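One letter stands for each residue in the lines below.
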Amino acid sequence: PFVLSIIRFSDAGRIEEHYRPDEIERAAEGDGSALVRTYLPADEWAVSFLFGLGIPFEVLEPEALRRLVAQRAMLILDSNAKRPEFRNMDFPEVQ
């Protein structure tokens with residue numbers, strides 16, 4: 001089932017082609033981010049869709065989708081960070 005999902009994207013300009021205007025709320029902080037309120041399934045399809053956009057994001061709700069995203073991110077990090085050239089690397093902070 002589709003559930004109300006609230007996602008913060010770091011680049012509001014890049015999400016306009018993926019969401020309707022009534023789903024997008026630009027952040028009051030003026031940092032270029034935006035909140036999207038839309039309906040997504042809390043499953044692997046939604047995780048793949050969100051990562052596929054190529055825009056840094058944070059799932060605020062629902063918790064089930066947030067956990068799936070975190071699990072996928074940890075798997076990606078774990079499998080890639082094992083490479084010798086990344087072991088002692090300082091990664092830039094994502095905003």
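The structure this text deals with has already been given above.
To start, this report covers the structure provided alongside it. (Residues numbered from 1 in each chain as written. Predicted model: local features only at pLDDT ≥ 70, side-chain atom pairs only at ≥ 80, totals over all residues. Heavy atoms only, no water.)

### Points about the packing of helix α1 (residues 44-52) against helix α2 (residues 63-81)
One way to put it is that α1 packs onto α2 with a least axis distance of 10 Å and a crossing angle of 60 degrees. Two packed elements cross with a definite hand, and for α1 against α2 that hand is right-handed. Residue-level contacts link Glu44, Ala46, Val47, Ser48, Leu50 and Phe51 of α1 to Leu65, Leu68, Val69, Arg72 and Ala73 of α2. (Axes fitted to C-alpha atoms, helices over the stretch in contact; angles between N-to-C directions. Helix = DSSP H or I, 4+ residues; strand = E, 2+ residues; numbered from the N terminus. Left-handed = near helix turned anticlockwise from the far one by under 90°. Contact = heavy atoms within 4.5 Å.)

### Focus: unusual backbone geometry
Across the junction of Glu61 and Pro62, the peptide omega takes the value -5 degrees, indicating a cis bond. Along the chain, Pro62 turns up in the loop between β4 (57-61) and α2.

### With respect to α2
A rise of 1.5 Å per residue sets the reference length of α2, with its 19 residues, at 27 Å; its end C-alpha atoms lie 26 Å apart and thus fit the reference within 8%. For α2, every residue scored as buried is listed here: Leu65, Leu68 and Val69. The arc enclosing the buried residues of α2, seen along the axis, measures out at 100 degrees, which places them on a common side. Looking at α2, the residues exposed on the side facing more than 90 degrees away from the buried face are Arg67, Met74 and Leu77. (Expected span 1.5 Å × (residues − 1). Buried < 20%, exposed > 50% of the residue type's maximum accessible area, 1.4 Å probe, protein only. Arc of directions from axis to C-beta.)

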